[in-house]
Protein chains: 2
Amino acid sequence: MAPVTIDTFMDQDEPHVVFNQSATMPFGEYIFRRLFSIGTKSVFGVPGDFNLSLLEYLYAPSVESDGLKWVGTCNELNAAYAADGYSRYSNKIGCLITTYGVGELSALNGIAGSFAENVKVLHIVGVAKSMDSRSNNFKERNLHHLVPRLHDSNFKGPNHKVYHDMIKDNVACSVAYLEDIETACDQVDAVIRDIYRYSKPGYIFVPADFPDMSVRLDNLINVPHISQQDCITSPTETHLFNMIDMITTWMYSSKTPAILGDVLTDRYGVSDVLNKLIYASKIWNFSTVMGKSVIDESNPSYMGQYNGKEGLKQVYEHFESCDLILHFGVDINEINNGHYSFTYKPNAKIIQFHPNYIRFVDTRYGEEQIFEGVNFVPVLQELYQRIDVSRLSLKYDPSVTPYTNETMKLKDPANDQSTDITQIHLQKVIPKFLNPGDVVVCETGSFQFSVRDFAFPTQLKYISQGFFLSIGMALPAALGVGIAMQDHPDTHINGGNIDEGYKPRLILFEGDGAAQMTIQELSTILKFHIPIEIVIWNNNGYTIERAIMGPTRSYNDIMSWKWTKLFEAFGDFDGKYTNNTVIETTAKLALKLKDLKNSSTRDRIELLEVKLGVLDFPEQLRCMVEAAAFKRNKK
Amino acid sequence: MAPVTIDTFMDQDEPHVVFNQSATMPFGEYIFRRLFSIGTKSVFGVPGDFNLSLLEYLYAPSVESDGLKWVGTCNELNAAYAADGYSRYSNKIGCLITTYGVGELSALNGIAGSFAENVKVLHIVGVAKSMDSRSNNFKERNLHHLVPRLHDSNFKGPNHKVYHDMIKDNVACSVAYLEDIETACDQVDAVIRDIYRYSKPGYIFVPADFPDMSVRLDNLINVPHISQQDCITSPTETHLFNMIDMITTWMYSSKTPAILGDVLTDRYGVSDVLNKLIYASKIWNFSTVMGKSVIDESNPSYMGQYNGKEGLKQVYEHFESCDLILHFGVDINEINNGHYSFTYKPNAKIIQFHPNYIRFVDTRYGEEQIFEGVNFVPVLQELYQRIDVSRLSLKYDPSVTPYTNETMKLKDPANDQSTDITQIHLQKVIPKFLNPGDVVVCETGSFQFSVRDFAFPTQLKYISQGFFLSIGMALPAALGVGIAMQDHPDTHINGGNIDEGYKPRLILFEGDGAAQMTIQELSTILKFHIPIEIVIWNNNGYTIERAIMGPTRSYNDIMSWKWTKLFEAFGDFDGKYTNNTVIETTAKLALKLKDLKNSSTRDRIELLEVKLGVLDFPEQLRCMVEAAAFKRNKK
């Protein structure tokens, strides 16, 4: 094998690698160097016999000198959740490595969640060798980890691609089951491009004999870096000009335009551009459920989270008074669209900006025009460059004030005395607990529904699985976010009023029922010294399900745990790295939240077990349940 | 709805139910009553919005009076493992209930394991309503938990059956996605029949509006019980006569016949018949890896576990001296067949007994005859009835003695003094620790390989995932076994020398890396008061992977846990229900094992953390690794 001269230098966040022409390296090394070159600096997963030959290249000198980090998780589902969190924070590709069958299937639900929520995840699966020199008929053999055929399995070999067939076209935007080493590098790069293009998960199935095979470095030489920007389809100049012309014309003629900041704006990395447009234009702006924190909610024309009739009246009345809606990064599903209850002012105009189309709707004439195959990223960028904000003629009702945490006028019965903690109390106090620039991960559950109407401080990054709603996801996802914050510090900060030198906190809000699903990953959070504040809402079970059905049924009960003992069992034997606090009263909560908010040392893990009422859930959850018509109609 | 008169009486283990003619009941109730009627007395799972309307019928008076038990697990993968364990112990159908997408996908790896290892599991998935009176176009809506389409998801509705399409024909023998309430009961029964017939998992997808709909009880009236026996294909009288004739002819003319007891003998519930045949005939008999404990290994002609050239020389030399092999419940895969190294005496005859064929092979003439579509169960039963053992002419080498725990002549360097515990020491002492009638669950891992060559005491039931090898499976599976032992006590005892009134122990052998995967289910074991002895082999990581590759690599490391603190965190706050012991020396181990073996009170959970060397693994694992050719051949 030809020696490889490697010279790595960093251009801001993006490493570039220079290689000798015509050099080769083992394919395993190629994979890890390619990952590092695109900013995937940590890889999650679990070792298994079919992926060990790949994992060996974690220790190749070039990979070690890059600094690529292996984050072994306790199980594969947690690895998938962590990779998802890594991508949600960094906007890079989160990567996990699992083994044939037993590992990859365990991870599947996490991948499906990433698919549903447009998260860039690469799932590398170590599979059976492409050839086995010791047995010619190995394809006819029933391999361990591989399900045999239903019929005649004692006579017919298994389908080696059975798991591949299950995920292809269902939960992956791109899949490569490698069979030819000559094209393997191209296939890896193609999957990466597709992941960026679709912002969805992709799979690479790597036969156990491939990592040791030599490949040419051409790809790394010719395209040292692949960015998301490289992978999207831009419109032609003419197209772009026409669209910008149409958009600005509609904007200039609108009296009450509104910007709706939706999730794909974040996934395609243009939240900062959208916020610049908002600050420059002073156009009323709303967030969506899944797009929460895309818009800087401290901006002076922020009008709250719009979720159709499921959201606050104070918000939807304003939204529905707007004559033009600019919906950026639009993603339509029942959760993000208030169970399809979005309503527009009569005769309003709507422009939807999507990774695959720009759509103009004029409801007055029932007309629409759609530019298909165009990604909204260059359109938004160009719009921000070209717009002449002096030509806007905004005429909002001057009596309307922006949305703040005071807008809801919550009636919290708690007073200054020590008293039980309620969800409505949390809605009052938690927003004040957050600092500008903090990173918040929130589990699916009852509390998640009240967060919808928080007005976050500037530059806060909010991460939550708002649509797929797989409980148990947030804890391992927070591990991934924490690792990403180590690999890509302050990625989410784009200007704003962050105190000089402020180190953003990572805060996890987690329900007890959900936490039990994936609790072992606390151990990995500890292993990687991730400073995090973990708030466990202990309400004795699945309160979100109780809100839907069976409020007092035993199926919604869970075992009572001593949450504050977990870290001791999971590796912090002497309490060196963690503080664990039980909180039962509003007074104690206030004290602890204040301490955490103002602390100057943030090197420890903080776990708060906050006791809540079993049947206490926020009003927003009740509205969702009603909208979803969960109630039973007995025949 | 017509009132239902229900009178349940028990005929041994099988409940029978008598109903009024032309009565109806809600479909949800039908499902649970049908399950109970086939001996599935506990159901595992996790509540989720799409299954709550079904779970409500757990509280129907008839279901409650049956005594059907809901065993809520911490997550769905663990529910699948538990249902698998339930079935492995009881030979009934293990059942789990999950919710659309997030739940069912999480469980998938467990189901695939059941499929690969022929375990009878019913996976009921709560899915979207079949109709939604509040929105006509609900099929066009992107529902939560349901992955949207890759292309044009903002315009086109999702495939409601996307997850169904993934599992169908891949990891299930039978699948019903219910769409018509009129045929729903038939479909449920058909899936149950298929599960029994194939001894593989089946799925029923239940729309959330179905449980409340009324169904007729005809099925429960006409077929109050469905047994596995009812679901298999028996040969015609003539066929059967011909086969028995051929089998006995071969047996009577054989001088050195051998019986190989394989896994499907257990799955089709005829291990006791096989053992009767062995005791009556005194034919040499061998177990297989997956069929471990099918044969009563204390029988006087037990010759050890045969696994081709991967097994012990002391065993394969005897096997390969036999002129006729009767292979009952044959299941062929690389693990169960020593990486396809089974070798027969020149000119030997072989008869394979399988649920779908009986195959006669005469290697002398290279001839074979196969009776397809015949299940071996009636053939084995008939064979036992018809054989005249006085006509056997056994001529085994008289110098050969049966296989016992002394056969291996293990050289254990440990002496009576306190010293480190090694795998070879465990091979010496663990067999003596087991009592007749105990139930042993063993995790995939290094220790599992030495268990292969234990000679178990009589009536011991051994449960291990020997082929699919998904680590983390055993702990939740042990929960399922424990529940099954409550529901169906002493099912595994068929005569033998069990002390009067002896309460079989449940013992779990579990590696530390595997235990971390699914550790939270300790909590459920505690909740259901399952007396169990849990032995955690603490060797600081994935030693089974170290044996294959990367012995000192960091990817094989795991976090150190304080195992003995886990139960305190998971609900046994005051140590009322558990004993937790760290064991570091052979002397302490001997003391504890003796205590446990002889204890007369077995109402507590015992957790033993046994410290082992990081790189210590049994010889049997080394043989497997070599046979599997894991070693890398660098190009």
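On a predicted model such as this, the values are computed, not experimentally measured, just so you know.

Draft legend 1. Just the overall build of chain A, in detail. Secondary structure summary: chain A contains 23 helices and 23 strands in total. Relative to the 2.2 N^0.38 estimate, which gives 26 Å for 635 residues, the radius of gyration of chain A is 25 Å and therefore close to what a compact globule would have. Along the first, second and third principal axes, the C-alpha set of chain A runs to 80 × 65 × 60 Å. By the burial criterion, 67% of the 635 residues in chain A qualify as buried. Long-range contacts, defined here as pairs at least 24 residues apart, represent 75% of the contacts in chain A between residues at least 6 apart. With the model as given, the accessible surface of chain A reaches about 21500 Å², and the carbon-plus-sulfur share is 49%. Taken as two groups, the 59 positive and 76 negative side-chain charges of chain A have centres that lie 5 Å from each other.

Draft legend 2. Summary view of the domain arrangement of chain A. All names here are of chain A. Here the domain parsing of chain A yields domain 1 (7–231), domain 2 (237–391) and domain 3 (423–627). Each of domain 2 and domain 3 was reduced to a C-alpha centroid, and the two centroids are 30 Å apart. Contact with domain 2, which involves 17 residues of that partner, is made by 19 residues of domain 3. Here domain 2 meets domain 3 over a buried area of about 1600 Å², counting both sides, of which 56% is carbon and sulfur.

Draft legend 3. How the structure looks around the interface of chain B and chain A. Across the boundary between the two partners, chain B contributes 111 residues, which contact 111 residues of chain A. Carbon and sulfur atoms supply 58% of the area that chain B and chain A bury against each other, a total of about 9600 Å² over both sides. Our count for the chain B to chain A interface comes out at 4 salt bridges. With a shortest N-O distance of 3.8 Å, Lys565(A) and Glu568(B) are connected by a salt bridge. Where chain B packs against chain A, one counts 41 residue pairs in polar contact (both at pLDDT 80 or more). With 8 residues, the top contributor of residues to the side of chain B that touches chain A is helix 5 (residues 102–116) of chain B. In terms of residue class, the side of chain B that touches chain A is made up of 55 nonpolar, 30 polar and 26 charged.

Draft legend 4. Up close: the packing of aromatic side chains. All chains considered together, the criterion is met by 56 aromatic pairs over all chains. Taking the centre distance of 5.6 Å and the plane angle of 90° together, the rings of Trp250(A) and Phe360(A) count as edge-to-face. Of the two residues, Trp250(A) is situated in helix 10 (residues 237–253) and Phe360(A) in strand 16 (residues 357–362); the sequence distance between them amounts to 110 residues. As far as burial versus exposure is concerned, Trp250(A) and Phe360(A) are alike and both buried. Their ring planes at 40° and their centres at 4.4 Å tell us that Trp561(A) and Phe570(B) sit as a pair that is tilted. You can see Trp561(A) sitting in the loop between helix 20 (543–548) and helix 21 (566–569) and its partner Phe570(B) sitting in the loop between helix 21 (566–569) and strand 22 (578–583), one on each of two chains. For the pair Trp561(A) and Phe570(B), one class covers both residues: buried. Here the aromatic cluster, defined as three or more aromatic residues joined through ring pairs, consists of Phe447(A), Phe454(A), Phe456(A), Tyr462(A), Phe509(A) and Trp537(A). Lying across the ring of Phe433(A), Arg505(A) places its NZ or CZ 4.5 Å from the centre.

Draft legend 5. Summary view of helix 1 (residues 27–37) of chain B. Residue and element names in this part refer to chain B. Counting buried positions over the 11 residues of helix 1 gives 11, a clear majority of the element. Of all the positions in helix 1, only Phe-27, Gly-28, Glu-29, Tyr-30, Ile-31, Phe-32, Arg-33, Arg-34, Leu-35, Phe-36 and Ser-37 are classed as buried. Where helix 1 ends, the next residue or the one after it, Gly-39, has phi of about 95°, a positive value.

Draft legend 6. Looking closely at the relation of the copies chain B and chain A. With an axial shift of 0.0 Å and an RMSD of 0.0 Å, the rotation relating chain B to chain A amounts to 180°. Here the transformation between the copies is reduced to the relation of a two-fold axis. Of every C-alpha in chain B, the one belonging to Met166(B) sits nearest the axis of rotation, 2.4 Å from it. Mapped onto chain A, 99% of the interface residues of chain B again fall at the interface, so both copies present the same surface.

Draft legend 7. Spatial organisation of the environment of Phe353(B). By secondary structure assignment, the location of Phe353(B) is in strand 15 (residues 349–354). Classification of Phe353(B) by relative accessible area gives buried; the value is 0%.

Draft legend 8. Region of interest: the UniProt feature "domain: Thiamine pyrophosphate enzyme central" (unreviewed entry) in chain A. In this numbering, the UniProt entry assigns the feature "domain: Thiamine pyrophosphate enzyme central" (unreviewed entry) to residues 247–375 of chain A. In the segment residues 247–375 of chain A, helix accounts for 23% and strand for 28%; the C-alpha atoms at its two ends are 15 Å apart.

Draft legend 9. Main features of the sheet that holds strand 22 (residues 578–583) of chain A. Residues and elements named next belong to chain A. Here 6 strands make up an open sheet; going across it, the order is 19-18-20-21-23-22 and the pairing parallel. Two strands in the sheet have a free side with no partner beyond their single neighbour: strand 19 (461–464) and strand 22. Across the sheet, the mean angle from the axis of one strand to that of its neighbour is 15°, orientation sign disregarded.

Draft legend 10. Structural view of the sheet that holds strand 15 of chain B. Residue and element names in this part refer to chain B. Ordered by their spatial adjacency, 7 strands build an open sheet running 13-12-11-14-15-16-17, and the pairing between neighbours is mixed. One side of each edge strand has no neighbouring strand; the edge strands of this open sheet are strand 13 (302–305) and strand 17 (367–372). Strand-to-strand twist of the sheet, defined as the mean angle between neighbouring strand axes without regard to direction, takes the value 15°. The sheet contact formed by strand 15 and strand 16 (residues 357–362) spans 6 bridges and is antiparallel. The partner of His-354 across the bridge, within strand 16, is Tyr-357. Across the face of the sheet, helix 12 (residues 271–281) comes into contact with strand 11 (257–261), strand 12 (284–287) and strand 14 (324–328) while running at roughly 155° to strand 11.

Draft legend 11. Layout of the pairing of strand 8 (residues 174–177) of chain B. All names here are of chain B. Sheet topology note: the strand 8/strand 9 (residues 202–207) ladder contains 4 bridges and is parallel. Each bridged residue has a counterpart across the sheet, and for Val-175 the counterpart in strand 9 is Tyr-203. Handedness of the crossover joining strand 8 and strand 9 through helix 7 (residues 181–198) is recorded here as right-handed.

Draft legend 12. Geometry of the pattern of salt bridges. Residue and element names in this part refer to chain A. In total, this model carries 56 salt bridges over all chains according to the counting rule given. Between Arg-359 and Glu-368 there is a salt bridge, and its shortest N-O distance comes to 2.8 Å. Under the relative-accessibility criterion, Glu-368 is labelled partly exposed at 46%. Residues joined in a network through salt bridges with shared partners are Asp-438, Arg-505, Glu-533 and Arg-602.

Draft legend 13. Main features of the pairing of strand 20 (residues 506–511) of chain A. Residue and element names in this part refer to chain A. Among the 6 residues of strand 20, 5 are classified as buried, and the element is accordingly described as predominantly covered. Note: strand 18 (residues 439–442) against strand 20, 4 bridges, orientation parallel. When the bridges of strand 20 are listed, Val-441 appears paired with Leu-508. Taken together, the 5 bridges between strand 20 and strand 21 (residues 533–538) define a ladder with parallel strand orientation. Within the sheet, the bridge partner assigned to Glu-510 lies in strand 21 and is Ile-536.

Draft legend 14. Just helix 7 of chain B, in detail. Residues and elements named next belong to chain B. In a regular helix each residue adds 1.5 Å, so 18 residues correspond to 26 Å; helix 7 covers 26 Å between its end C-alpha atoms and thus fits that length. Taken residue by residue, helix 7 has Ile-181, Ala-184, Cys-185, Val-188, Asp-189, Val-191, Ile-192, Ile-195, Tyr-196 and Tyr-198 as its buried positions. For helix 7, the N-terminal cap is Asp-180; the gap from its side-chain oxygen to the backbone nitrogen of Glu-182 is 2.9 Å. Within two residues after helix 7, Ser-199 carries a phi angle of roughly 50°, on the positive side.

Draft legend 15. Local environment of the packing of helix 15 (residues 423–433) of chain B against helix 22 (residues 586–598) of chain B. All names here are of chain B. Where helix 15 contacts helix 22, the two axes come as close as 10 Å, and the packing angle between them is 15°. With respect to each other, helix 15 and helix 22 are oriented roughly parallel. Where helix 15 crosses over helix 22, the two elements pack in a sense that is right-handed. Taken together, the residues of helix 22 that come into contact with helix 15 (itself represented by His-425, Leu-426, Val-429, Ile-430, Lys-432 and Phe-433) are Thr-586, Leu-589, Leu-593, Leu-596 and Lys-597.

Draft legend 16. Structural detail: the confidence of the model for chain A. Residues and elements named next belong to chain A. Residues of chain A with pLDDT of at least 70 account for 95%, and the chain-wide mean is 93. A low-confidence stretch, residues 1–15 stays under pLDDT 50, and its non-local contacts, those more than four residues away or across chains, total 41 contacts. Prediction confidence for the complex, expressed as pTM and ipTM, is 0.96 and 0.95 respectively.

Draft legend 17. The environment of Gly366(A), seen in detail. All names here are of chain A. Tracing the backbone through its elements, the reader meets Gly-366 in the loop between strand 16 and strand 17 (367–372). Here Gly-366 falls in the exposed class, since its relative accessible area comes to 65%. With 131 residues separating them along the chain, Gly-366 and Asn-497 place their C-alpha atoms 43 Å apart.

Cut-offs used in this document
Residues numbered from 1 in each chain as written. Chains lettered and ligands numbered in written order. Predicted model: local features only at pLDDT ≥ 70, side-chain atom pairs only at ≥ 80, totals over all residues. Heavy atoms only, no water. Helix = DSSP H or I, 4+ residues; strand = E, 2+ residues; numbered from the N terminus. Rg over C-alpha atoms; globule rule 2.2 N^0.38 Å. Buried < 20%, exposed > 50% of the residue type's maximum accessible area, 1.4 Å probe, protein only. Contact = heavy atoms within 4.5 Å. Areas by Shrake-Rupley, 256 points an atom, 1.4 Å probe, with all protein chains shown as cover. Lys, Arg positive; Asp, Glu negative; His and termini not counted. Charge placed at Lys NZ, Arg CZ, Asp CG, Glu CD. Domains from an automatic or database assignment. Buried area = accessible area lost by both parts, 1.4 Å probe. Salt bridge = Lys/Arg side-chain N within 4 Å of Asp/Glu carboxyl O. Polar contact = N/O pair within 3.5 Å; in protein donor to acceptor, adjacent residues only side chain to side chain. Nonpolar A, V, L, I, M, F, W, Y, C, P; charged D, E, K, R; others polar. Phe/Tyr/Trp six-rings, centres within 6.5 Å; stacked < 30°, edge-to-face > 60°. Lys NZ or Arg CZ within 6 Å of the ring centre and 35° of its normal. Least-squares fit on C-alpha atoms with pLDDT ≥ 70 in both. UniProt positions renumbered as here; feature names shortened; annotations may be inferred. Pairing = 2+ DSSP bridges. Axes fitted to C-alpha atoms, helices over the stretch in contact; angles between N-to-C directions. Right-handed = clockwise from strand over helix to strand, strands pointing away. Expected span 1.5 Å × (residues − 1). Parallel < 35°, antiparallel > 145°, perpendicular 65-115°, else oblique. Left-handed = near helix turned anticlockwise from the far one by under 90°. pLDDT = per-residue confidence, 0-100.

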